[in-house]
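Given next are the chains, with one letter for each unit.
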Amino acid sequence: MIVRKSEREIELIAAAGRVAADTIAHVGRHLEPGITSGELDRVAEEYILAQGGTPTSKGYRGFPKAICISPNDMIVHGIPGEYAVAEGDLLTIDVGVTLDGYVADTAYTFGVGEISSEAERLLEVAQAALAAGIDQAQVENRIGDISAAIQRVVEEAGFAVVRALVGHGVGRAYHEDPQIPNYGSPGRGARLSPGMTLAIEPMITAGGVDIVVDDDQWSVYTADGSLSAHFEHTVAVTESGPRILTPVGAGLLR
Ligand code: MG
């Protein structure tokens, strides 16, 4: 069942979304070779708590940390810990924030220092795919319009979309209906209407679509070891078009 939110609820999700987006920018300011993902997690958690929020991931289905940090060929759900950030890394920071009972979800892949030209292009394509998906979050469109727009941008660039991981409704809970695949057919799936709040999140690879899950039961990698990128916004469907509730901090966009 898709839960549509009132205008008041959308403002509450937007407040959580500002904290989530600012957390990513805050973590980005601490990114440098040598810092560990565990230290970045602590920076994020302190920031979220200082804003009056709580990190939604912590304790979610047993996830032990505040945010997910996934380097290079790890696509999503990395558990922060000993990993030391290195020059040339792609590092995905995925943040859920709960504030006043409402949840927003956003992710951003950073390039650390000088990155390869392929990595640079992967980031550009993933962001373009997210923008194309968001553009389709219009009243009377369908979920498949979002999915197809993302898939088209990614595949035209010669990259692949991960099949096994999808976007989702968000707001009253971390994961709500509907599922939002990053591939599909226009005109298919649930019809979009005002008040829907959606986490749209292309997860793409420079190689194949297959994934493997680590022994830790969380970390998801590309099966072929190829690089991955992941960008996510929480978006409200409104009569006047899609509204991004997790606006990226100034200067963050590459
Ligand atoms: Mg998400």
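Remember, predicted model here, so these are calculated numbers, not experimental data.

(A) Representation of the sheet that holds strand E15 (residues 241-244). Strand order in the open sheet formed by five strands is E8-E7-E9-E14-E15, with antiparallel pairing between adjacent strands. Of all strands in the sheet, those bounded by a partner on one side alone are strand E8 (176-180) and E15. Neighbour-to-neighbour, the strand axes of the sheet open up by a mean angle of 30 degrees, direction not taken into account. When strand E14 (residues 233-238) meets E15, the two strands line up antiparallel, connected through four bridges. Bridge pairing in E15 places Thr-238 opposite Gly-241.

(B) Expanded view of the packing of helix H1 (residues 7-30) against helix H2 (residues 37-50). One way to put it is that H1 packs onto H2 with a least axis distance of 9 Å and a crossing angle of 140 degrees. By the angle between their axes, H1 is oblique relative to H2. Crossing geometry of H1 relative to H2 is assigned as right-handed. Residues Val-19, Asp-22, Thr-23, His-26, Val-27 and His-30 of H1 touch H2, and the partners they reach there are Leu-40, Val-43, Ala-44, Tyr-47 and Ile-48.

(C) Up close: the nonpolar core. Among the nonpolar cores identified, the biggest contains 58 residues, and Ile-67, Ile-93, Leu-198, Ile-200 and Ile-204 are the most heavily contacted of them. Ranked by residue count, the leading element in this core is H1, at nine residues. When sequence neighbours within four positions are dropped, the list of residues in contact with Ile-93 reads Ile-24, Val-27, Ile-67, Cys-68, Ile-69, Thr-106, Ala-107, Tyr-108 and Phe-110. The next biggest cluster of nonpolar side chains, apart from the first, holds six residues, and it includes Val-76, Val-162, Leu-165 and Met-203.

(D) Broad picture of the coordination of the magnesium ion. Protein coordination at the magnesium ion: the donors are Asp-105 (OD), His-168 (NE2), Glu-201 (OE) and Glu-232 (OE), at 2.1 to 2.4 Å from the metal. Ordering the donors of the magnesium ion by residue number gives the pattern D-x62-H-x32-E-x30-E. With a gap of 33 residues between them, His-168 in strand E7 (residues 167-169) and Glu-201 in the loop between strand E9 (197-200) and strand E10 (203-205) connect regions that are remote in the sequence. On the basis of relative accessibility, which here comes to 6%, the residue Glu-201 falls in the buried class.

(E) Main features of the pattern of salt bridges. Going through the model one piece at a time under the given rule, you end up with seven salt bridges. Lys-58 is paired through a salt bridge with Glu-45; the nearest N and O atoms lie 2.9 Å apart. Note that Lys-58 is positioned in the loop between strand E1 (54-55) and strand E2 (68-71) and Glu-45 in helix H2, a separation of 13 residues in sequence. The partly exposed category is assigned to Lys-58, whose relative accessible area is 42%. Under the relative-accessibility criterion, Glu-45 is labelled buried at 17%. Between Arg-163 and Glu-155 there is a salt bridge, with its nearest N and O atoms 3.7 Å apart.

(F) Local environment of the environment of Leu-165. Tracing the backbone through its elements, the reader meets Leu-165 in the loop between strand E6 (160-161) and E7. Given the relative accessible area of 12%, Leu-165 is considered buried. Measuring from C-alpha to C-alpha, the distance between Leu-165 and Ile-180 comes to 9.1 Å, with 15 residues separating the pair along the chain. The contact partners of Leu-165, leaving out residues within four places of it in the chain, are Ile-75, Val-76, Asn-182, Met-203 and Val-220.

(G) Inspection of the packing of aromatic side chains at higher detail. Under the criterion given, the structure shown has four aromatic pairs. With 5.1 Å between their ring centres and 80 degrees between their planes, Tyr-108 and Phe-231 make a pair best called edge-to-face. One end of the pair, Tyr-108, is in strand E5 (residues 102-111); the other, Phe-231, is in the loop between strand E13 (228-230) and E14, with 123 residues separating them in the sequence. Classification of Tyr-108 as buried rests on a relative accessible area of 3%.

(H) Highlighting helix H4 (residues 143-156). Between the first and last C-alpha of H4 there are 20 Å, a value that for 14 residues agrees with the 20 Å anticipated at 1.5 Å per step. Counted residue by residue, H4 has 10 buried out of 14 residues, so it is predominantly covered. Here H4 has its buried residues at Ile-143, Gly-144, Asp-145, Ile-146, Ser-147, Ala-148, Ala-149, Ile-150, Gln-151 and Val-154. Those residues of H4 hidden inside the fold are in contact with helix H3 (117-135), E6, E8, E9 and E10.

What counts and how
- Residues numbered from 1 in each chain as written.
- Predicted model: local features only at pLDDT ≥ 70, side-chain atom pairs only at ≥ 80, totals over all residues.
- Heavy atoms only, no water.
- Pairing = 2+ DSSP bridges.
- Helix = DSSP H or I, 4+ residues; strand = E, 2+ residues; numbered from the N terminus.
- Axes fitted to C-alpha atoms, helices over the stretch in contact; angles between N-to-C directions.
- Parallel < 35°, antiparallel > 145°, perpendicular 65-115°, else oblique.
- Left-handed = near helix turned anticlockwise from the far one by under 90°.
- Contact = heavy atoms within 4.5 Å.
- Core = buried A, V, L, I, M, F, W, Y, C linked by side-chain atoms within 4.5 Å.
- Buried < 20%, exposed > 50% of the residue type's maximum accessible area, 1.4 Å probe, protein only.
- Donors = N, O, S within 2.8 Å, 3.2 Å for Na, K, Ca; no water.
- Salt bridge = Lys/Arg side-chain N within 4 Å of Asp/Glu carboxyl O.
- Phe/Tyr/Trp six-rings, centres within 6.5 Å; stacked < 30°, edge-to-face > 60°.
- Expected span 1.5 Å × (residues − 1).

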